[in-house]
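Given next are the chains, with one letter for each unit.
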Amino acid sequence: MIRPFHMRWFLLVTAALGLACAESPTAAPEPPTALTLDERVDSLVALMTLDEKIGQMTQAERSRGSIELDIRTYTLGSLLSGGGSAPADNSPGGWADMYDRYQQAALQTRLRIPLIYGIDAVHGHNNVRGAVIMPHNIGLGCTNDAALVEEVGRVVAREVAGTGIDWTFAPCIAVPRDERWGRTYEGFGETPDLTWTMAGAAVRGLQGTDVRGGERIVACAKHFLGDGGTTGGDDQGNTQLDELTMRGLHLPGYLAAVQAGVGTVMASYSSWNGQKMHGSRYWLTDVLKVELGFKGFVVSDWQGVDQLPGGYEAAVETAINAGIDMVMVPINIELFISSLRRLVNANRVPMSRIDDAVRRILRVKFQMGLFERTFTDRALTLAVGSAAHRAVARQAVRKSIVLLKNDSSFLPLSKSLTRIHVAGKNADDLGNQCGGWTITWQGQSGAITTGTTILQGIRDAVSANTSVTYSRDGSGAAGADVAIVVLGETPYAEMLGDRSDLNLTSEDLTTFTRVRATGVPTVLVLVSGRPMIVTDIAYASNAFLAAWLPGTEGAGVADVLFGDYHPTGILSHSWPRAMNQVPVNVGDPYYDPLFPVGFGLHYE
Ligand code: GLC
């Protein structure tokens, strides 16, 4: 029985939620225009119990096993797919079916608030087999082309939305200052000004100017703040900087992201001068929300709250009071929910903080039209992995490549040479050219998804009379007109990519030496997530290209090799001569890298 007073609220809220449409996956009437966004939010919050509010602040990993029951039991506000967490049917349609099933469960709760579903679509919809994989951000940074980065964002948003998913934990706007860091490739580059430019472009591409548009998804600027500035490049380490330097290096990207209307920000695992970012009220609230005016919500990183000191309940208290609005728990949600409930009942977390967090979350959900358009737009599903999207990715590959050496204009190569010998472990390996965060969290070598390897691109580019031979170890090069040696890194992500040594592997060096011993003119192509120590072999090569982690469209590398695209890329990182120079960054008092930031050759 609803009493008269509640009836008014209920009618207001029903109008606000446009509930009538939610049952049907297709009906999507326009939202009621009678209420402002804040009125819609406030009228819904007014109806919510404490447990429903805490539910909205809880993000669970989809693979928990009982997830549809959890959604209903705990009125969960959000789910995520961690790296590699995919439905058994890892196809665009399989994802869309899964997403719609979870939203159906959410609409069976009392207030029927839709879920927001997050995923690391950090270089394409990279968990999904068959999706287009874009160059990682380090390559996009080297394009120095904000319009292209925005277009890449639009394509990624379209592919993500085509599977129903509505939120990506991207762009990573770290400013990596020490290439020993395993996440160097996730940032655009080592300078704040490039990061400022690309952060805004990436957010606009993903969200558009009106995130309600069906092909748009919510972005997440991460990881706030200073993730790329840790001492020694230690992942989740300590960023030891005075505040002025911290602001100058690491804050500009967030200024641009907030100005572009970014819906969410993810807190960093790292610390600032010993204080964990997840517990810093100064940075998360005073700076991000008050000083920068960020109106979206802050999400923790995966079990990031657990890393705070004092035991779990104290950690939850510190994190929520610091300004974390949604907690990526993401497994033991029962403990999080009961802990936060106890903290509120003991007034250790004020209800005003809970209400602020829930308002921020609901604002984003209303702004993105989740209440009106709750289910997958299946017309978009067909576009996942399309030729048109691959064409954008190929252009991004072309523009990301940096030509670092070209003796006597050795490049571009003729397409009608008699024989080209291709060598190296990264020449014919889609997984290696995609890098981490691809199909699985860490990525892996091999034919892991649909795409074109660099070798395939070379084969497709040359004339019918040209023979292209290949060996991983460099054998068989003798007698060829030219050798193209493709070396570098195998996939890694996060802390598993931290390195104390950026020299090439002995396998790579042996391959290169074997080829050079034949006297065949050599083009070196480096496929890596960061600059590596290649001084000697670059010197011994006739030409040298940095291809970074190009993703599925390896033909873009061949386009540059054969002159179908003349290289325009410029370095977004300083290139060290040797390990004793690392870290080396533009602006250092004594700056003498092998190649400086901004360097890139062009064809004559
Ligand atoms: C990871 C990463 C973060 C990612 C999150 C969800 O630990 O630090 O970048 O978005 O967990 O996968």
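Computed from a prediction, not measured in an experiment: that's the story for all the values here.

Asker: Got a minute to help me understand the site of the ligand in this structure?
Answerer: Near the ligand lie 13 residues; those nearest to it are Asp120, Arg183, Lys222, His223 and Asp301. With respect to the ligand, the side chain of tyrosine 269 contributes an N or O atom lying 3.1 Å from an oxygen atom. Aspartate 301 is positioned such that a nitrogen or oxygen atom in its side chain is 2.6 Å from an oxygen atom of the ligand. Across the complex, the protein chains shield 95% of the 310 Å² of accessible surface that the ligand would expose by itself. For the shell around the ligand, the per-class residue count stands at seven nonpolar, one polar and five charged.

Asker: Can you help me understand the side chain of arginine 398 in this one?
Answerer: Structurally, the position occupied by arginine 398 is in helix 17 (residues 387-400). Filtering out sequence-adjacent residues up to four positions away, arginine 398 remains in contact with Gly556, Asp559, Val560 and Tyr565.

Asker: Mind showing me how you'd approach the confidence of the model for the chain here?
Answerer: In low-pLDDT regions, the fine details of the predicted coordinates are not to be read closely. Within the chain, residue pLDDT values average 95, and 94% of them lie at 70 or more. In this model, residues 1-29 is a region of pLDDT below 50 whose contacts with residues beyond four sequence positions or in other chains number 38 contacts.

Asker: How do you make sense of the pairing of strand 3 (residues 116-119) when you look at a structure like this?
Answerer: Walk down a regular strand and you will see the side chains alternate between the two sheet faces. Burial along strand 3 is two-sided: the face carrying Ile116 and Gly118 and the face carrying Tyr117 and Ile119 are both buried. Here four bridges tie strand 2 (residues 78-81) to strand 3, and the two strands are oriented parallel to one another. Considered in strand 3, the bridge of serine 81 is made with isoleucine 119. Taken together, strand 2, helix 6 (residues 92-106) and strand 3 form a β-α-β motif whose crossover is right-handed. The sheet contact formed by strand 3 and strand 4 (residues 167-168) spans two bridges and is parallel. Bridge pairing in strand 4 places isoleucine 119 opposite threonine 168.

Asker: Looking at this structure, how should I read the pattern of salt bridges?
Answerer: Pairing between side chains becomes possible if they bear opposite charge and their charged atoms approach one another. Counted by the stated rule, this structure contains 38 salt bridges. Between glutamate 334 and arginine 64 there is a salt bridge, with its nearest N and O atoms 2.8 Å apart. Here arginine 64 lies in the loop between strand 1 (58-61) and helix 5 (67-74) and glutamate 334 lies in helix 14 (residues 333-345), a separation of 270 residues in the sequence. By relative accessible area, glutamate 334 is classed as partly exposed at 33%. Taking the relative accessible area as the measure of exposure, arginine 64 reaches 21% and is therefore partly exposed. Ionic pairing is found between lysine 289 and aspartate 325, a salt bridge with its closest N-O pair at 2.9 Å. A residue pair is termed long-range when its members are at least 10 positions apart, and lysine 289 in helix 12 (residues 281-291) and aspartate 325 in the loop between helix 13 (312-322) and strand 11 (327-328) qualify at 36 residues. Take lysine 289 and aspartate 325: they sit in the same class, and that class is buried. Each of Lys289, Asp325, Arg353, Asp356 and Arg360 takes part in a single network of salt bridges with overlapping partners.

Asker: Mind showing me how you'd approach the packing of helix 10 (residues 243-250) against helix 12 here?
Answerer: Axis angle and axis distance: for two packed helices, these are the angle between their axes and the distance between the axes, and together they describe the pair. Interhelical geometry of helix 10 versus helix 12 gives an angle of 55° and a closest axis separation of 14 Å. In terms of orientation, helix 10 lies oblique with respect to helix 12. For the crossing formed where helix 10 meets helix 12, the hand is right-handed. On the side of helix 10, the interface is formed by Glu243, Met246 and Arg247, while helix 12 contributes Tyr282, Trp283, Val287 and Glu291.

Asker: Could you clarify how one ought to interpret the packing of aromatic side chains in this entry?
Answerer: Think of a pair of aromatic rings as described by two things: how far the centres are apart, and how the planes are tilted against each other in angle. On inspection of all chains with the given rule, the structure shows 14 aromatic pairs. Measuring from ring centre to ring centre gives 6.3 Å for tyrosine 102 and tyrosine 117, while their planes differ by 5°; the resulting arrangement is stacked. Linking tyrosine 102 in helix 6 with tyrosine 117 in strand 3, this pair joins segments that are 15 residues apart in sequence. A relative accessible area of 4% places tyrosine 102 in the buried class. Taking relative accessible area as the criterion, tyrosine 117 reaches 1% and is therefore assigned buried. Here phenylalanine 366 and phenylalanine 371 contribute two aromatic rings whose centre-to-centre distance is 4.1 Å and whose plane-to-plane angle is 20°, an arrangement assigned as stacked.

Asker: I'm lost on the sheet that holds strand 7 (residues 264-267) in this one. Help?
Answerer: Hydrogen bonding along the main chain pairs the strands of a sheet, whether they run parallel or antiparallel. Ordered by their spatial adjacency, three strands build an open sheet running 5-7-10, and the pairing between neighbours is parallel. In this open sheet, the two edge strands, each paired with only one partner strand, are strand 5 (220-224) and strand 10 (297-299). For this sheet, the mean angle separating the axes of adjacent strands, direction not counted, is 30°. Where strand 5 lies against strand 7, four bridges are found, and the strand directions are parallel. Its bridge partner being in strand 7, cysteine 220 is matched across the sheet by threonine 264. Where helix 11 (residues 252-259) meets the sheet, it contacts strand 5 and strand 7, and its direction lies at approximately 155° from that of strand 5.

Asker: Even after reading the chapter, I still don't get the sheet that holds strand 8 (residues 271-272), so can you show me in this structure?
Answerer: Strand order across the open sheet formed by three strands is 6-8-9, with mixed pairing between neighbours. A strand with exactly one partner marks an edge of an open sheet, and here the two such strands are strand 6 (238-239) and strand 9 (275-276). One ladder, built from two bridges, connects strand 8 with strand 9; its direction is antiparallel. Across the sheet, residue tryptophan 272 finds its bridge partner in strand 9, namely glutamine 275.

Asker: Sorry, what's going on with the domain arrangement of the chain here?
Answerer: How big an interface is tends to be stated in terms of the accessible area lost upon association of its parts. On domain assignment, one finds that the chain holds domain 1 (54-380) and domain 2 (387-581). Taking only C-alpha atoms into account, the centre of domain 1 sits 33 Å from that of domain 2. Listed as interface residues are 48 residues of domain 1 and, on the opposing side, 46 residues of domain 2. Between domain 1 and domain 2 lies a buried interface of about 3,600 Å² when both sides are counted; carbon and sulfur atoms form 59% of it. The largest share of the area that domain 1 buries against domain 2 comes from Cys142, Glu179 and Tyr185, three residues that together contribute 17% of it. Summed over the shared surface of domain 1 and domain 2, the number is two salt bridges.

Asker: Can you walk me through the pairing of strand 12 (residues 402-406) in this structure?
Answerer: Across the five residues that make up strand 12, a large majority, five, are buried. With four bridges connecting them, strand 12 and strand 17 (residues 543-546) associate as antiparallel partners. Bridge pairing links valine 402 to alanine 546 in strand 17.

Rules and cut-offs
- Each chain carries its own residue numbering, running from 1 in the written order of its sequence.
- This being a predicted model, a pLDDT of at least 70 is required before a residue's local features are given, and a value of 80 or more before pairs of side-chain atoms are given or counted; all residues contribute to the totals for chains, interfaces and linings.
- In computing side-chain values, all of the structure's heavy atoms are included and hydrogens and water are not.
- What makes a residue near a molecule or strand is one non-hydrogen atom of that residue sitting within 4 Å of it.
- Counted as a polar contact is a pair of N or O atoms within 3.5 Å, where, for protein atoms, one must be capable of donating a hydrogen and the other of accepting one, and residues adjacent in sequence contribute only when both atoms are in side chains.
- To measure how exposed things are, a 1.4 Å probe is used in the Shrake-Rupley method; for residues, cover is taken only from the protein chains shown.
- We call Asp, Glu, Lys and Arg charged. Ala, Val, Leu, Ile, Met, Phe, Trp, Tyr, Cys and Pro are nonpolar, and the rest, Gly among them, are polar.
- To qualify as a helix, a DSSP run of H or I must reach at least 4 residues; to qualify as a strand, a run of E must reach at least 2; elements of each kind are numbered from the N terminus.
- Whether two residues are in contact is decided by their heavy atoms, any of which lying within 4.5 Å being enough.
- Residue-level confidence of the predictor, termed pLDDT, takes values from 0 up to 100.
- Only protein chains enter the accessibility calculation, which uses a 1.4 Å probe; a residue is then buried when its area is under 20% of its type maximum, exposed when over 50%, and partly exposed in between.
- DSSP bridges decide pairing: two strands pair if at least two such bridges lie between them.
- Consider the strands pointing away from the viewer: the crossover is right-handed when the path from the first strand over the helix to the second runs clockwise.
- Just to be clear on terms, a salt bridge is a Lys or Arg side-chain nitrogen sitting within 4 Å of an Asp or Glu carboxyl oxygen.
- Inter-axis angles, ranging from 0 to 180 degrees, are taken between N-to-C directions of lines fitted to C-alpha atoms, where helices are fitted over the stretch in contact.
- These descriptions rest on fixed angle ranges, namely under 35 degrees for roughly parallel, over 145 for roughly antiparallel, 65 to 115 for roughly perpendicular, and the rest for oblique.
- For any pair of crossing helices, the crossing counts as left-handed if the nearer helix is rotated counterclockwise from the farther one by less than a right angle, and right-handed if it is rotated clockwise.
- Aromatic contacts are taken between Phe, Tyr and Trp rings whose centres are within 6.5 Å, Trp giving its six-membered ring; a plane angle under 30 degrees counts as stacked, one over 60 as edge-to-face, and the others as tilted.
- For the domain bounds, the source is a domain assignment made automatically or taken from a database.
- Summed over both partners, the accessible area lost on bringing two parts together, with a 1.4 Å probe, is the buried area.

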